[in-house]
Amino acid sequence: MASLFLHNVQQQQALLATLHTLDEAVLQAGQLAAQVLRQGGKLLWCGNGGSAADSQHLAAELTGRFVQDRRPLAALALSTDTSALTCISNDYSFDEVFARQVQALGRPGDLLIGISTSGNSRNVIRAVQEAQQLGLHTLGLLGRDGGALRPLCSHSIVVPSQTTARIQEAHILIGHTLCGLIEQELGLA
Ligand SMILES: O=C(CO)[C@@H](O)[C@H](O)[C@H](O)[C@H](O)COP(=O)(O)O
Ligand SMILES: [Zn+2]
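Computed from a predicted model, the values in this text were never measured in an experiment.

## Regarding the overall build of the protein
Reasoning step 1: Helix and strand content of the protein: eight helices and five strands.
Reasoning step 2: Along the protein, helices and strands appear, N-terminal first, in the series α-α-β-α-β-α-α-β-α-β-α-β-α.
Reasoning step 3: Taking 189 residues into account, the globule formula puts the C-alpha radius of gyration at 16 Å, and the protein, at 16 Å, falls close to it.
Reasoning step 4: Overall size of the protein, expressed as C-alpha extent along the three principal axes, is 55 × 40 × 30 Å.
Reasoning step 5: In the protein, buried positions account for 42% of the 189 residues.
Reasoning step 6: Once local pairs closer than 6 in sequence are excluded, the contacts in the protein between residues at least 24 apart make up 69%.

## Observations concerning the site of ligand 1
Reasoning step 1: In the region of ligand 1, the neighbouring residues are Asn 48, Gly 49, Gly 50, Ser 51, Ser 116, Thr 117, Ser 118, Ser 121, Thr 164, Ala 165 and Gln 168.
Reasoning step 2: Looking at the shell around ligand 1, the element that brings in the most residues is helix α8 (residues 164–185), giving three residues.
Reasoning step 3: Residues that form the shell around ligand 1 fall into these classes: one nonpolar, 10 polar and no charged.

## Points about the UniProt feature "binding site: substrate" (unreviewed entry) in the protein
Reasoning step 1: In the numbering used here, UniProt assigns the "binding site: substrate" (unreviewed entry) feature to Asn 48, Gly 49, Gly 50, Glu 61, Asn 90, Asp 91, Ser 116, Thr 117, Ser 118, Ser 121 and Gln 168. Spanning 121 residues, the named residues do not form one spatial group; their C-alpha atoms are separated by as much as 32.1 Å.
Reasoning step 2: With respect to the element layout, Gly 49 can be found in the loop between β1 (43–47) and α3 (50–63).
Reasoning step 3: Residue classification places Gly 49 among the partly exposed positions, given that 14 C-beta atoms sit within 10 Å.

## Considering the nonpolar core
Reasoning step 1: In terms of nonpolar packing, the biggest core is built from 48 residues, with Ala 33 and Trp 45 touching the most fellow members.
Reasoning step 2: Broken down by element, the residue count for this core peaks at seven residues, all from α8.
Reasoning step 3: Leaving out residues up to four positions away in the same chain, Ala 33 has contacts with Leu 43, Leu 111, Leu 178 and Ile 182.

## Quick word on unusual backbone geometry
Reasoning step 1: Of note in this structure, Arg 144 is not a glycine but carries a positive phi near 50°.
Reasoning step 2: Mapped onto the elements, Arg 144 comes out in the loop between β4 (137–143) and α7 (149–152).

## Some points on the sheet that holds strand β5 (residues 155–159)
Reasoning step 1: Judged by pairing direction, the sheet is parallel, and its five strands sit side by side in the order β2-β1-β3-β4-β5 without closing on themselves. With partners counted over all chains shown, the strands left at the sheet margins are β2 (75–77) and β5, one partner each. Direction aside, the axes of adjacent strands within the sheet are offset by 15° on average.
Reasoning step 2: Bridge analysis of β1 against strand β3 (residues 111–116) gives five bridges, and the strand direction is parallel. Its bridge partner being in β3, Trp 45 is matched across the sheet by Ile 113.

## Some thoughts on the confidence of the model for the protein
Reasoning step 1: Considering every residue of the protein, the mean pLDDT works out to 97; 99% of them sit at 70 or more.
Reasoning step 2: On the interface metric, ipTM, the complex scores 0.97, and its pTM is 0.97.

## Some words on the packing of helix α1 (residues 6–16) against α8
Reasoning step 1: For the pair α1 and α8, the least separation of the axes is 10 Å and the interaxial angle reads 55°. On the basis of their axis angle, the class for α1 and α8 is oblique. The element α1 and its partner α8 pack so that their crossing is right-handed. Side by side, α1 and α8 meet where Gln 11, Gln 12 and Leu 15 of the first sit next to Arg 166, Glu 169 and Ala 170 of the second.
Reasoning step 2: When grouped by side-chain class, the residues that make up the contact of α1 with α8 number two nonpolar, two polar and two charged.

About the cut-offs
- Residues numbered from 1 in each chain as written.
- Chains lettered and ligands numbered in written order.
- Predicted model: local features only at pLDDT ≥ 70, side-chain atom pairs only at ≥ 80, totals over all residues.
- Helix = DSSP H or I, 4+ residues; strand = E, 2+ residues; numbered from the N terminus.
- Rg over C-alpha atoms; globule rule 2.2 N^0.38 Å.
- Buried ≥ 20, exposed ≤ 12 C-beta atoms within 10 Å, placed from the backbone.
- Contact = placed C-beta atoms within 7 Å.
- Near = placed C-beta within 6 Å.
- Nonpolar A, V, L, I, M, F, W, Y, C, P; charged D, E, K, R; others polar.
- UniProt positions renumbered as here; feature names shortened; annotations may be inferred.
- Core = buried A, V, L, I, M, F, W, Y, C linked by C-beta atoms within 7 Å.
- Pairing = 2+ DSSP bridges.
- Axes fitted to C-alpha atoms, helices over the stretch in contact; angles between N-to-C directions.
- pLDDT = per-residue confidence, 0-100.
- Parallel < 35°, antiparallel > 145°, perpendicular 65-115°, else oblique.
- Left-handed = near helix turned anticlockwise from the far one by under 90°.

Have a look at this one:
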């Protein structure tokens, strides 16, 4: 009997075979993130649904640990504070949930990382716009054609797939690769 996983694994393998095309973009993003942290800045992560989970997972790899014991690194997910999320949505608009936190917490030289499989989530777009305005670097971790976020972000990594679940699986692989690059770049690995 064919494995329950066969179809997804075949799709994933086909996608993995193309990921080397992202090497340069991922390396540049890792170097940028390391430079931001080296200079005393922080990484702000945001996204919806699965990408909200990725945001908190990847921020925790940095404040906690990824591979080795080392000093904690400044990273924060904007998708985790239910009081901020409900207040900003209720009083302003769901489109503003990340942008308003960027306004409150972002400083020039920080890096905002927006994760979106479509590249078209309004609240991530608004966060990137606000970040640009305030002088933050912006990285889009995207999928499909990169959507509206691709041209807005100063850096982007676009996973070449049309399938949300496969894009998300590639995003977490890329996210872990970024964490490894950051530790290497900072001499912490
Ligand atoms: O995890 C999944 C689908 O696998 C969903 O929760 C998914 O993340 C949500 O539908 C998001 O709202 C999609 O947003 P985006 O990736 O297009 O920005
Ligand atoms: Zn999912």
